[in-house]
Amino acid sequence: KKGKPIFSRLFGSKSLPDILRFLDEKTSIKEDLHMFSKLHVRTFLRAVLYLFFEKLKPQMLLFSPLILYGVMRLVLPDYSLMTIYILILVGLFFVGIPHGAMDHKTGLFSKNKKINPIFILKYLSIMFLAYMCWFFSPTLALVMFILYSAWHFGETDIKEWNVNSKLIGFVWGILLFSALLLSHIPELNVILSALNVNQLPPDLPWEGLFIWSLILSFLLARAYNSFSWTMLTLFLAFSYWVPLVIAFAMYFIFHHSWSGWSHLKESFGESNLSLFKSALPFNVGAIVLFSIIFLNTDMSWEHNVAQLFVFTSCISLPHILCMSYFYNSPKKWVKNRIKVK
């Protein structure tokens, strides 16, 4: 609708030969600047800024809490942890847990895509199996949690990046966990101890493996010409100076959960508000279940963090099955994403 006034001004300011040379991209930079000065500069600047922020919006969402934490550490170090934990809790409530609270709408455990007793029974049964694995063998449970989480994170990211290889997605998921965990061995060992899992030897070259994870991730990002993947690799590099729980939460909430939420939103054709309302019952139920069964205020911080890992692994397994069904079933979500883009 802005084309008519733009072209009216264009043809009214220059001769026809000059305009044709401009449209054929045969003018000099000086002539281009003179041409642009005659047009609606604000209109084009707004368009440029819109495209710039649309392209960088996922990276802005991911790096904003990282930058906030860095600034708080410099300016108000005593309040930095409290501030970032509050931000993480808000993110968990509005995106992190709700993106998994839409599992009934994928149709795997509920054919009518509603929360019903059958859906709840199936969901809790799979969670119980995951929990029993922790009960009998914490080491096996932890390894399985890392593997199926790596598959899930990779599957979500390659859908976002249009990379048509599940193997590459899984490799990226392994590199992601490697970079996060191997760069925080002391913190990881504290959590492993609380989980009754053998600690990793601190004298091995973990930092070298961390660097190699970053290098391989960067090479894959360049091979697939993915700007978002490159920025994620940069985020992993900066996460070296951020506590493990916070770094993982930043990735999980402000990248992974938001990507999954966006895929569901585009597939179902709903607004953020209506989708959040649909997720609210399951969202609240997950928070209450965690608070009652896993969270113990009389225990140490490390114990509660370890229990958070256990709870996350239990609730992740049925969620991963639902999302894998969603991504691989003949749905219209890919077509919807193409139309949106």
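Per chain, residue numbering runs from 1 following the sequence as it is written. Local features in this predicted model are restricted to residues of pLDDT 70 or higher, and side-chain atom pairs are both shown and tallied only at a pLDDT of 80 or more, whereas totals for entire chains, interfaces and linings draw on every residue. Note: side-chain values were computed over all heavy atoms of the structure, leaving out hydrogens and water.

(A) Geometry of the nonpolar core. Each nonpolar core is a collection of buried residues, namely Ala, Val, Leu, Ile, Met, Phe, Trp, Tyr and Cys, held together in the definition by side-chain atoms within 4.5 Å. For each residue, the accessible area found with a 1.4 Å probe, counting protein chains only, is set against the maximum for its type, and the residue is called buried under 20%, exposed over 50%, and partly exposed in between. If you look at the biggest cluster of nonpolar residues, it comprises 79 residues, and the most contacted ones within it are Tyr123, Trp172, Phe235, Leu236 and Met250. Formed by 6 residues, the second largest nonpolar core is a distinct cluster that contains Ile6, Leu10, Phe22 and Leu39.

(B) Spotlight on unusual backbone geometry. Even without being a glycine, lysine 113 presents a positive backbone phi close to 60°. Secondary structure elements are taken from DSSP: a helix is a run of H or I of four residues or more, a strand is a run of E of two residues or more, and numbering for both begins at the N terminus. Of note, lysine 113 is situated in the loop between α5 (77–96) and α6 (117–136). The exposure class of lysine 113 is partly exposed, given its relative accessible area of 38%. You will see that asparagine 196, though not glycine, has its phi angle at about 60°, which is positive. By the element assignment, asparagine 196 lies in the loop between α9 (185–194) and α10 (206–223). According to the relative accessible area criterion, asparagine 196 is exposed, its value standing at 66%.

(C) Spotlight on the pattern of salt bridges. Criterion for a salt bridge: a side-chain nitrogen of Lys or Arg within 4 Å of a carboxyl oxygen of Asp or Glu. Scanning all chains against the criterion turns up 2 salt bridges. Residue glutamate 31 pairs with arginine 21 through a salt bridge whose shortest N-O separation is 3.4 Å. With glutamate 31 in helix α3 (residues 29–37) and arginine 21 in helix α2 (residues 16–23), this residue pair connects regions lying 10 residues apart in the sequence. Among the residues examined, glutamate 31 registers a relative accessible area of 34% and is labelled partly exposed. Residues lysine 105 and glutamate 270 are paired through a salt bridge, measuring 3.3 Å at the closest nitrogen-oxygen approach. Of the two residues, lysine 105 is situated in the loop between α5 and α6 and glutamate 270 in the loop between α12 (244–268) and α13 (272–293); the sequence distance between them amounts to 165 residues.

(D) Local environment of empty space enclosed by the protein. Of the two site types, the cavity is a set of points on a 1 Å grid over the protein atoms alone where a 1.4 Å probe fits but cannot get out, and the pocket is an open set with protein on both sides within 12 Å along at least five of seven lines, each lined by residues with an atom within 4 Å of a point. Grid points are joined across faces, edges and corners, and a volume is the space filled by probe spheres set on the points. Tallying each qualifying case throughout the model produces 1 cavity of 30 Å³ or more. Lining the largest cavity are 13 residues, and of these Leu142, Phe177, Leu181, Leu188 and Phe309 lie nearest its centre.

(E) Region of interest: the packing of aromatic side chains. Only centres within 6.5 Å qualify two rings of Phe, Tyr or Trp (six-membered ring in Trp) as a pair; their planes then separate them into stacked at under 30 degrees, edge-to-face at over 60, and tilted for everything else. Tallying each qualifying case throughout the model produces 26 aromatic pairs. Judged by centre distance (5.8 Å) and plane angle (70°), the ring pair of phenylalanine 93 and phenylalanine 276 falls under edge-to-face. Placement of the pair is phenylalanine 93 in helix α5 and phenylalanine 276 in helix α13, with a sequence separation of 183 residues. Accessibility expressed as a relative area gives 29% for phenylalanine 93, which makes it partly exposed. Taking the relative accessible area as the measure of exposure, phenylalanine 276 reaches 16% and is therefore buried. Note that lysine 105 overlies the ring of phenylalanine 268, its terminal NZ or CZ placed 5.1 Å from the centroid. To sit over a ring, a charge needs its Lys NZ or Arg CZ within 6 Å of the ring centre and within 35 degrees of the ring normal.

(F) Representation of the side chain of glutamate 155 within the structure. By the secondary structure assignment, glutamate 155 is in helix α7 (residues 138–161). No salt bridge is formed by the buried glutamate 155. Its closest oppositely charged neighbour is lysine 166, at 5.1 Å. Residues count as neighbours in contact if any of their non-hydrogen atoms are within 4.5 Å of one another. Ignoring anything within four residues of it in the chain, the contact list for glutamate 155 reads Ser324, Tyr327 and Asn328. Neither His nor the chain ends is counted toward charge; the positive residues are Lys and Arg and the negative residues Asp and Glu.

(G) Molecular detail of the state of the cysteines. Criterion for a disulfide: a pair of cysteine sulfur atoms within 2.5 Å. In the structure shown here, the tally under the stated rule is 0 disulfides. No disulfide involves cysteine 133; its sulfur sits 9.2 Å from that of cysteine 314, the nearest cysteine.

(H) Quick look at the confidence of the model for the chain. Here the chain averages 86 in pLDDT, and 93% of its residues register 70 or above. Values of pLDDT, the confidence the predictor places in each residue, fall between 0 and 100. Confidence over residues 332–341 falls short of pLDDT 50; this stretch has 12 contacts with residues more than four positions distant or in other chains.

(I) Region of interest: the packing of α5 against α12. Only the contacting stretch of a helix is used when fitting its axis, a line to C-alpha atoms as for every element, and angles between N-to-C directions run 0 to 180 degrees. One can describe the packing of α5 onto α12 by two numbers: an axis separation of 10 Å at closest approach and a directional angle of 30°. Looking at the two axes, α5 sits roughly parallel to α12. Our pair here, α5 against α12, has a crossing hand that is left-handed. Residues Leu81, Ile84, Tyr85, Leu87, Ile88, Gly91, Leu92, Val95 and Gly96 of α5 pack against Ile246, Ala249, Met250, Phe252, Ile253, Phe254, Ser257 and Trp258 of α12. For this classification, under 35 degrees means roughly parallel, over 145 means roughly antiparallel, 65 to 115 means roughly perpendicular, and everything else is oblique. Note: crossing handedness is left-handed where the near helix turns anticlockwise from the far helix by less than a right angle, and right-handed where it turns clockwise.

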